[in-house]
Every structure is written in structure tokens, then in C-alpha cells.
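Here's the letter readout for the chains.
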Amino acid sequence: MPKKPSRTITQERTYEAPSSVLRRSLIGGIILTVLVAVAGLVAYLTRPESPAATKASPAPKSAPESPSPTATPPKGEAVAAPPRTSDPITFAKAATQVLWTYDTRSFSQAEHLAGLKRWMTGDKKYADWKSVSDQVPSPVLWARMRDNHQHASATVGEGHFPQAFKTALAQDPGAITEAYVYAVTVTGKQTIAWKGSAAGAESRSTTLAVQCRPHQDCALTGVLPSVSP
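Let us look at the structure shown here. (Residues numbered from 1 in each chain as written. Predicted model: local features only at pLDDT ≥ 70, side-chain atom pairs only at ≥ 80, totals over all residues. Heavy atoms only, no water.)

1. A short note on the state of the cysteines
Defined simply, a disulfide is a covalent bond joining two cysteines at their sulfur atoms. The test is simple: For this text, the term disulfide refers to a pair of cysteine sulfurs within 2.5 Å. Categorising residues by exposure relies on relative accessible area from a 1.4 Å probe, with only protein chains included: less than 20% of the type maximum marks a residue as buried, more than 50% marks it as exposed, and the intermediate range marks it as partly exposed.
For the structure on display, the rule yields one disulfide. Note that Cys212 is cross-linked by a disulfide to Cys218, the S-S spacing being 2.0 Å. With the S-S dihedral at roughly 115°, the linkage between Cys212 and Cys218 falls on the right-handed side. By relative accessible area, Cys212 is classed as buried at 7%. For Cys218, a relative accessible area of 5% corresponds to the buried category.

2. Quick look at the pairing of strand 2 (residues 151-160)
A regular strand carries its side chains on alternate faces of the sheet. In plain terms, the rule: Any two strands are treated as partners once DSSP identifies two or more bridges connecting them. Numbered from the N terminus, helices here are DSSP runs of H or I no shorter than four residues, and strands are runs of E no shorter than two.
Sheet analysis places strand 1 (residues 102-103) next to strand 2, joined by two bridges and oriented antiparallel. When the bridges of strand 2 are listed, Tyr102 appears paired with Ala152. Pairing between strand 2 and strand 3 (residues 181-193): eight bridges, direction antiparallel. Across the sheet, residue Ala152 finds its bridge partner in strand 3, namely Ile192.

3. Examining the environment of Thr155
What counts here: Here, residues are in contact when the closest pair of their heavy atoms is within 4.5 Å.
Turning to its location among the elements, Thr155 is positioned in strand 2. For the pair Thr155 and Gln190, spaced 35 residues apart in the sequence, the C-alpha separation amounts to 6.4 Å. The contact partners of Thr155, leaving out residues within four places of it in the chain, are Gly188 and Lys189.

4. Brief notes about the environment of Ala78
Within the secondary structure layout, Ala78 lies in the loop between helix 3 (38-45) and helix 4 (88-99). In the structure, Ala78 is positioned 29 residues away from Phe107 in sequence and 6.1 Å away in space, judged by C-alpha atoms. With residues near it in sequence (within four places) discarded, Ala78 still touches Pro73, Phe107, Glu111 and His112.

5. Quick look at the packing of aromatic side chains
Applicable threshold: For Phe, Tyr and Trp, where Trp contributes only its six-membered ring, two rings pair if their centres lie within 6.5 Å, and the inter-plane angle classes them as stacked under 30 degrees, edge-to-face over 60, or tilted in between.
Summed over all chains, the structure comprises five aromatic pairs. A ring pair is formed by Phe91 and Trp119, whose centres lie 5.4 Å apart and whose planes are at 55°; its orientation type is tilted. With a gap of 28 residues between them, Phe91 in helix 4 and Trp119 in the loop between helix 5 (109-117) and helix 6 (129-133) connect regions that are remote in the sequence. In this structure, Phe91 and Trp119 share a single accessibility class: buried. Ring centres of Phe165 and Tyr182 lie 6.0 Å apart, and the angle between their planes is 70°; on these two criteria the pair is classed as edge-to-face. With Phe165 in helix 8 (residues 163-171) and Tyr182 in strand 3, the pair connects residues that are 17 residues apart, well separated along the chain. Each member of the pair, Phe165 together with Tyr182, is buried. Through successive ring pairs, a cluster of aromatic residues spans Phe161, Phe165 and Tyr182.

6. Notes on the nonpolar core
Our working definition: In plain words, nonpolar cores are sets of buried Ala, Val, Leu, Ile, Met, Phe, Trp, Tyr and Cys residues tied together by side-chain atoms within 4.5 Å.
Residues Trp119 and Leu208 are the most contacted members of the largest nonpolar core, which totals 43 residues. For this core, the secondary-structure elements that each account for two or more residues are helix 4, helix 5, helix 7 (139-147), strand 2, helix 8, strand 3, strand 4 (199-211) and strand 5 (219-223). Among the elements that make up this core, the one with the highest residue count is helix 4 (seven residues). Core analysis: the next-biggest nonpolar cluster, separate from the first, contains five residues, Tyr126, Ala179, Val181 and Ala209 among them.

Below you can see the structure in the form of C-alpha cells.
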């Protein structure tokens, strides 16, 4: 078995404050509500309901597997730019790659976060930036990782709509026309290396919330707190 990557990130998240954990669970519930019942989300936010589309959108169908996206940042940039696509699975796979990729040797934590910010939806009603920024180590931990020359790359494999999401939309196809937020589960592998020749790899999976409004490029809404199969 490959040598396990540094446990510093895991340890930091293990000792997360209870209030933060509760908030993350609540945010995840909000995103899931968007996916299965928009009215419940709007009720929670207590904001005026935005106009819904007059024509129901059909439930998404799993698209044929396409080659794994390559989200390689240009020289001098911490994070690659988001792809211009209207396909939620294609976008989610590219977003997963940048979420699992970092280089503490060349970029600061602030630069990395700024790069990820470009992937976020501009729709503040549904954007969950904290669920994304929580995927990045804190400034203190980032500095420790930088001292250790830690960096990571990712290989993205399969992406699909979770069964719960497809079932919910089959029951109420018009629900998606409020927020156009899709749940996508992506699997792949993250490889982490640090000072010297030390390295390790592990299989990972995540479920993202992706907004793909008609005639607009997709954008990231958030990262769900648990993986939906």
C-alpha cells in the first residue's frame, strides 16, 4: 500500500468547532433542499421567491462518459480557469480536479482561494462559498505544508447524477427551474507529495452542487457535506 499522505489536514478538520460542524450540516441541507424541493429552500432563506420558469425542464440524463477533464493552471496562476460548458457533469469533474489540486510551494493560501472563487456562481442566493473554502487548509496549516513542500495533483474518473437526485427530479421535473442546481458525484484519485521523495495516493469521491442556467456556463454552487451515491 502507498504511504499515507500527511494527516495534518485531517487532524485540523477533526477538531473543528461543533458550531462549525452544525453550520456545515445545515448548509448541506439547504443545498439538498434546492435539489429536491426548491420551495423548502426559499422558506428557509425567508427571501422573496424569484420568478420560476414557465416551462418545466426535463430531468437530466446521465451523459456518456467523456475523457477526464484537465484543469491545468497557466504558469503563474494557482488555480485553472473554469471551463465554458453547459454540461453539469463535465463542469463538476473539472471542479473536482481543482478542488483536489494545490501547490503550497508556489502559491499562498489566499492566492489559491482567489483562484477557486472564480469557479463560484454569482447567484448569491444559492452560492455556498464556505463549503468550498473549507476544503482548503487554514493559513497556519498551509504555511506548515509549505515548509514541507507539500503539493497535490488529481486524476478524475467517473461523474454521475446521484440516484436520489434523479428520483426527485423524476417526481417533480419543474423543481429544477427555480435554481437550476444539479447534484453531481465525482470519483477519482488524489496524489500528495512532499519534501524528498515521499508521496502517497488515495481514492476519493465528492458530491458537488453545480448551477447550469439556460444559455449560461455552469458554475460551482457548493460542496455537499457527504457523498451521495
